Amino acid sequence: MKRLNSQLQKDGAPLELILLIRTLLAGCKEISFRVSQGALAGVLGSTLSENVQGETQKKLDVISNQILKDILKDSGYVKAISSEEEDDVVPCHPDGKYLVSFDPLDGSSNTEINSLIGTIFSIAHAPQWMEPDDPSAFLQPGTQMVAAGYVLYGPSTMLAMTTGRGTHLYTLDKTHGGFLVTQANIQVPEDTAEFAINASNQRHWEEPIQNYIGDLMAGADGPRGKDYNMRWVAAMVGDIHRVLCRGGIFMYPFDKRNPKKPGKLRLLYEANPMAFLMEQAGGLASTGEGRIMEVMPSEIHQRVPVLIGSKNEVAKCLEYY
Ligand code: AHG
Ligand code: MN
Ligand code: MN
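What counts and what doesn't
- Residues numbered from 1 in each chain as written.
- Chains lettered and ligands numbered in written order.
- Predicted model: local features only at pLDDT ≥ 70, side-chain atom pairs only at ≥ 80, totals over all residues.
- Heavy atoms only, no water.
- Donors = N, O, S within 2.8 Å, 3.2 Å for Na, K, Ca; no water.
- Buried < 20%, exposed > 50% of the residue type's maximum accessible area, 1.4 Å probe, protein only.
- Helix = DSSP H or I, 4+ residues; strand = E, 2+ residues; numbered from the N terminus.
- Disulfide = S-S within 2.5 Å.
- UniProt positions renumbered as here; feature names shortened; annotations may be inferred.
- Contact = heavy atoms within 4.5 Å.
- Pairing = 2+ DSSP bridges.
- Domains from an automatic or database assignment.
- Buried area = accessible area lost by both parts, 1.4 Å probe.
- Salt bridge = Lys/Arg side-chain N within 4 Å of Asp/Glu carboxyl O.
- Polar contact = N/O pair within 3.5 Å; in protein donor to acceptor, adjacent residues only side chain to side chain.
- Nonpolar A, V, L, I, M, F, W, Y, C, P; charged D, E, K, R; others polar.

**Concerning the coordination of the manganese ion (ligand 2)**
Alright, step 1. Donor atoms from the polypeptide that coordinate the manganese ion (ligand 2) comprise Asp-103 (OD), Asp-106 (OD) and Glu-270 (OE), at 1.9 to 2.1 Å from the metal.
Alright, step 2. Sequence spacing of the donor residues for the manganese ion (ligand 2), all on one chain, is D-x2-D-x163-E.
Alright, step 3. With a relative accessible area of 5%, Asp-106 lands in the buried category.

**Overview of the coordination of the manganese ion (ligand 3)**
Where a metal carries four tetrahedral donors, each ideal angle is 109.5 degrees; where it carries six octahedral donors, the ideal angles are 90 or 180 degrees.
Alright, step 1. For the manganese ion (ligand 3), the full set of protein donor atoms is Glu-84 (OE), Asp-103 (OD) and Leu-105 (O), at a range of 2.2 to 2.3 Å.
Alright, step 2. Read from N- to C-terminus, the donor residues coordinating the manganese ion (ligand 3) fall into the pattern E-x18-D-x1-L.
Alright, step 3. Here the manganese ion (ligand 3) and the manganese ion (ligand 2) are spaced 3.7 Å apart, linked through Asp-103, which binds each one. With Glu-84 in the loop between β3 (78–83) and β4 (90–91) and Asp-103 in strand β5 (residues 98–106), this pair connects stretches of sequence that are 19 residues apart.
Alright, step 4. Given a relative accessible area of 5%, Glu-84 falls into the buried group.

**Let's talk about the state of the cysteines**
Alright, step 1. Taken as a whole, this structure holds zero disulfides when the rule is applied.
Alright, step 2. Cysteine Cys-92 is unpaired, with the sulfur of Cys-28 as its nearest cysteine sulfur at 15 Å.
Alright, step 3. On the accessibility criterion, Cys-92 (17% relative accessible area) is buried.
Alright, step 4. With no disulfide of its own, Cys-245 has Cys-28 as its nearest cysteine by sulfur position, at a separation of 18 Å.
Alright, step 5. Taking the relative accessible area as the measure of exposure, Cys-245 reaches 39% and is therefore partly exposed.

**Focus on the UniProt feature "domain: Fructose-1-6-bisphosphatase class I N-terminal" (unreviewed entry) in the protein**
Alright, step 1. UniProt records the feature "domain: Fructose-1-6-bisphosphatase class I N-terminal" (unreviewed entry) at residues 5–183, using the numbering of this structure.
Alright, step 2. Structurally, residues 5–183 is divided into 26% helix and 35% strand, and its ends, taken at the C-alpha atoms, are 15 Å apart.

**Some remarks on the UniProt feature "binding site: Mg(2+) 1" (unreviewed entry) in the protein**
Alright, step 1. In the UniProt entry, the feature "binding site: Mg(2+) 1" (unreviewed entry) is given for Glu-84, Asp-103 and Leu-105. Spanning 22 residues, the named residues form one tight spatial group whose C-alpha atoms are at most 8.9 Å apart.
Alright, step 2. Among residues more than four places away in sequence, those in contact with Glu-84 are Asn-51, Val-52, Gln-53, Glu-55, Phe-102, Asp-103, Pro-104, Leu-105, Arg-266, Tyr-269, Glu-270 and His-301.
Alright, step 3. Those residues in contact with Asp-103, other than ones at most four positions away along the chain, are Glu-84, Gly-118, Thr-119, Ile-120, Tyr-269 and Glu-270.

**Quick look at the pairing of strand β6 (residues 117–125)**
Successive residues of a regular strand alternate their side chains across the two faces of the sheet.
Alright, step 1. Taken across its nine residues, β6 has eight buried, putting it largely inside the fold.
Alright, step 2. Examined bridge by bridge, β5 and β6 share seven bridges and lie antiparallel to one another. Among the inter-strand pairings, Asp-103 is bridged to a residue of β6, identified as Ile-120.
Alright, step 3. Bridge count for β6 against strand β7 (residues 145–153) is eight bridges, and the pairing is antiparallel. Note that in β7 the partner of Ile-123 across the bridge is Ala-147.

**Description of the domain arrangement of the protein**
Note on interface size: it is often stated as the accessible area lost on association of the parts.
Alright, step 1. Here the domain parsing of the protein yields domain 1 (4–183) and domain 2 (194–318).
Alright, step 2. Relative to domain 2, the C-alpha centre of domain 1 lies at a distance of 23 Å.
Alright, step 3. On the side of domain 2, 33 residues touch domain 1, which itself brings 47 residues to the contact.
Alright, step 4. Here domain 1 meets domain 2 over a buried area of about 2900 Å², counting both sides, of which 66% is carbon and sulfur.
Alright, step 5. At the boundary of domain 1 and domain 2, one finds two salt bridges.
Alright, step 6. Applying the counting rule to domain 1 against domain 2 returns 17 residue pairs in polar contact (both at pLDDT 80 or more).
Alright, step 7. In terms of residue count, β7 provides more of the side of domain 1 that touches domain 2 than any other element does, eight residues in total.
Alright, step 8. Along the lines of polarity and charge, the residues of the side of domain 1 that touches domain 2 split into 22 nonpolar, 17 polar and eight charged.

**Concerning the pattern of salt bridges**
Alright, step 1. A full pass over the atoms with the stated rule returns 15 salt bridges.
Alright, step 2. The partner of Arg-224 in a salt bridge is Glu-313, and the shortest N-O contact between them spans 2.8 Å. Placement of Arg-224 in the loop between α4 (207–217) and β12 (229–230) and of Glu-313 in helix α7 (residues 311–319) is noted, with a sequence separation of 89 residues between them. Across the pair, exposure class does not vary: Arg-224 and Glu-313 are buried alike.
Alright, step 3. The partner of Glu-294 in a salt bridge is Arg-291, and the shortest N-O contact between them spans 3.0 Å.
Alright, step 4. Among the charged side chains, a network of salt bridges with common partners joins Glu-55, Glu-84, Arg-266 and Glu-270.

This is the structure we're talking about:
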């Protein structure tokens, strides 16, 4: 099986990017280990603090954030990072060539129940003019990403990653600590009969998504003419992994509850990296109004609506908008 390095070289990734990715993944391997220790290491449960999003931080959110922050700061490859668990950008090395955005632990409520969680990341070039503590360089559209991926801490620890030459799946071989390519150039099936949405929010949705989901729920007797199945992992990383592997549509749509939160998921470190992975696997990723990767961010923790997955199903959903 092909190793990470060979795949990245084959895809034409520059050496410094390869080294950065390897550094980042070394941090993820440590998170994978901590997560697997669970209650034995006392890492489960909540802290007494809230992050900038107003969410109570889990101990593992804080631990994972610290691991990635430390390893990236020390590497010298990174000028600055933005993280779900950091209010502001974290300056790193003045000569670092890259910007890294990450959700250190996605789906952290699942830590309580020993269920799927993961780390999501995206990497972009750091402009030379940028001061390491300047957030404005992060405010570039997702089309500028040079790499993105997630590490899924499940029964196996898996990596899905793209550098713009297809999306590849890797599995961590814990016997020697390397990520091996277990599926190169994954292609998301264009059609599907599976969807993922938190249906308890239905009363807050806008009309297009109300109508679309209504038609899916109508099944074989409705306008779509087939029965659909619904799944919800409560961790985007788990839901998107299922969609990548077997097709589907994952949605966290616009929500009328709070005008300051147009959707739940964050653009820089949740929506954009997943959109890049999905597009590179032949799928689509939209806000309902346009391509996720073309959204111009106005702040580092910006939220966007997300409709992502199998090409024909996302296209169908967009017809309702
Ligand atoms: P995080 O744990 O990083 O805050 O993200 C959780 C997100 C996302 O992963 C998941 O799809 C969604 O929240 C779950 O939302 P519900 O609470 O609506 O199930
Ligand atoms: Mn998340
Ligand atoms: Mn998180």
